[in-house]
Amino acid sequence: PTAPMDREKEDRFARQTRFAALGTDGQARLGESRVLLVGCGALGGVLAQWLVRAGVGRLILVDRDIVEETNLPRQVLFTAEHARQGSPKALAAKEVLSQVEGPTEIEAHAAHLDADLLLRLGGDVDLILDGTDNMATRYLINDFSVSRGVPWIYGGVVSAGGLILPVLPGSGPCLRCIFRDPPPPGALPTCDTAGVIGPAVGVIASMQA
């Protein structure tokens, strides 16, 4: 007989597993997977919601920033109370995502992702997702991904547009293959200089997911 927890999962993900390209086998693989999400802001908030609601087994969140009022128009996990308290984004994200009450185990780190922390957290994950807002961290993730054979998905949004780049080591180009070195500071438009709108963020993050 099906155990109560298995039955609960079957009911929760019934619409999802009826999608033939996923099915029950795909759902089982999702449930066993570990994902490292770097950045819990605009892109990261949308990504985290989709992953938790899809039933990913373990989600590891890393973000060094705190919630500010200017985040609220596009960073979907946060409330005005988080901004008033200056809550660390990683911890606020875990608080909100935990209310979904799905099977996902959520681990949160309010910390800067440096090489040491990436080595510690990324050593046994199946995928790394980019919700960051700076190129230095993306190149750090890229080089780790290539050296360890761990797939990662780049995402970037500015103004009303953006792009994604899935990096599958050994099966295609990486970020450094296309752009050998990070651009110098100030060379590219940013959300601070060119602005950004929420729907563009939602589209790019959903494509990454």
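As the structure is a prediction and not an experimental result, all values here were calculated from the model.

A. Up close: the overall build of the chain. A count of helices and strands for the chain gives 11 helices and six strands. At 17 Å, the chain has a C-alpha radius of gyration in line with the 17 Å of a compact globule built from 209 residues. Overall, the C-alpha framework of the chain stretches about 60 × 45 × 30 Å when taken along its three principal axes. Within the span of the chain, comprising 209 residues, buried residues form 40% of the whole. Within the chain, contacts between residues at least 6 apart in sequence are counted, and of these 63% link residues at least 24 apart. Entry remark: accessible area of the chain is about 11,200 Å², with carbon and sulfur atoms responsible for 55%. Charge centroids of the chain, computed over 19 positive and 24 negative side chains, lie 3 Å from each other.

B. Molecular detail of the packing of helix α4 (residues 42-54) against helix α11 (residues 198-208). Orientation of α4 relative to α11, taken along the N-to-C sense of each, is 50 degrees, at an axis distance of 8 Å. Here α4 lies oblique to α11, going by the angle between them. Considering the relative orientation of α4 and α11, their crossing is right-handed. Residues Ala 42, Leu 43, Val 46, Leu 47 and Trp 50 of α4 form the contact with α11, whose participating residues are Val 201, Gly 202, Ile 204, Ala 205, Ser 206 and Gln 208. Classifying every residue of the contact of α4 with α11 gives eight nonpolar, three polar and no charged.

C. Fine view of the pattern of salt bridges. One pass over the structure, following the stated rule, counts eight salt bridges. Measuring nitrogen to oxygen at the nearest pair gives 3.3 Å for the salt bridge that ties Arg 34 to Asp 124. Of this pair, Arg 34 sits in strand β1 (residues 34-38) while Asp 124 is found in the loop between α7 (115-122) and β4 (127-130), placing the two residues 90 residues apart along the sequence. Using a relative accessible area of 47% as the deciding quantity, one classes Asp 124 as partly exposed. Between Glu 81 and Arg 84 there is a salt bridge; the shortest N-O distance is 2.9 Å. With Glu 81 and Arg 84 both in helix α5 (residues 80-85), this residue pair falls three residues apart, about one helical turn.

D. View of the nonpolar core. Formed by 30 residues in total, the largest nonpolar core has its most connected members in Leu 37, Ala 48, Leu 59, Leu 61, Ala 93, Leu 97 and Leu 129. The set of elements that each furnish at least two residues to this core consists of β1, α4, β2 (58-62), α6 (89-98), β5 (152-158) and α11. Here this core takes seven residues from α4, the largest share from any one element. Not counting the four nearest positions on each side in its chain, Ala 48 is found in contact with Leu 37, Leu 59, Leu 61, Leu 77 and Leu 97. With 20 residues, the next largest nonpolar core counts Ile 60, Leu 117, Phe 144 and Tyr 154 among its residues.

E. Examining the environment of His 82 more closely. Looking at the secondary structure, you find His 82 in helix α5. Considering only alpha carbons, one finds His 82 and Pro 173, 91 residues apart in sequence, at a separation of 39 Å. Setting aside its immediate chain neighbours within four residues, His 82 contacts Val 67, Leu 77, Ser 87, Ala 92, Glu 95 and Val 96. A polar atom in the side chain of His 82 sits 3.1 Å from the backbone nitrogen of Thr 79.

F. Up close: the sheet that holds β2. Within the open sheet, the six strands sit side by side as β3-β2-β1-β4-β5-β6. Their pairing is mixed. Every other strand in the sheet has two partners, leaving β3 (105-109) and β6 (161-167) as the edge strands with one partner each. Ignoring strand direction, the axes of neighbouring strands in this sheet form an average angle of 15 degrees.

G. Seen up close, the pairing of β2. In terms of residue burial, β2 counts as a mostly covered element, since four of its five residues are buried. Tracing the backbone out of β1, into α4 and back to the parallel element β2 gives a crossover that is right-handed. As paired elements, β2 and β3 share five bridges and run parallel to each other. Residue Val 62 lies in a different strand from β3, and its bridge partner there is His 109.

Each value, and the rule that gives it
Residues numbered from 1 in each chain as written. Predicted model: local features only at pLDDT ≥ 70, side-chain atom pairs only at ≥ 80, totals over all residues. Heavy atoms only, no water. Helix = DSSP H or I, 4+ residues; strand = E, 2+ residues; numbered from the N terminus. Rg over C-alpha atoms; globule rule 2.2 N^0.38 Å. Buried < 20%, exposed > 50% of the residue type's maximum accessible area, 1.4 Å probe, protein only. Contact = heavy atoms within 4.5 Å. Areas by Shrake-Rupley, 256 points an atom, 1.4 Å probe, with all protein chains shown as cover. Lys, Arg positive; Asp, Glu negative; His and termini not counted. Charge placed at Lys NZ, Arg CZ, Asp CG, Glu CD. Axes fitted to C-alpha atoms, helices over the stretch in contact; angles between N-to-C directions. Parallel < 35°, antiparallel > 145°, perpendicular 65-115°, else oblique. Left-handed = near helix turned anticlockwise from the far one by under 90°. Nonpolar A, V, L, I, M, F, W, Y, C, P; charged D, E, K, R; others polar. Salt bridge = Lys/Arg side-chain N within 4 Å of Asp/Glu carboxyl O. Core = buried A, V, L, I, M, F, W, Y, C linked by side-chain atoms within 4.5 Å. Polar contact = N/O pair within 3.5 Å; in protein donor to acceptor, adjacent residues only side chain to side chain. Pairing = 2+ DSSP bridges. Right-handed = clockwise from strand over helix to strand, strands pointing away.

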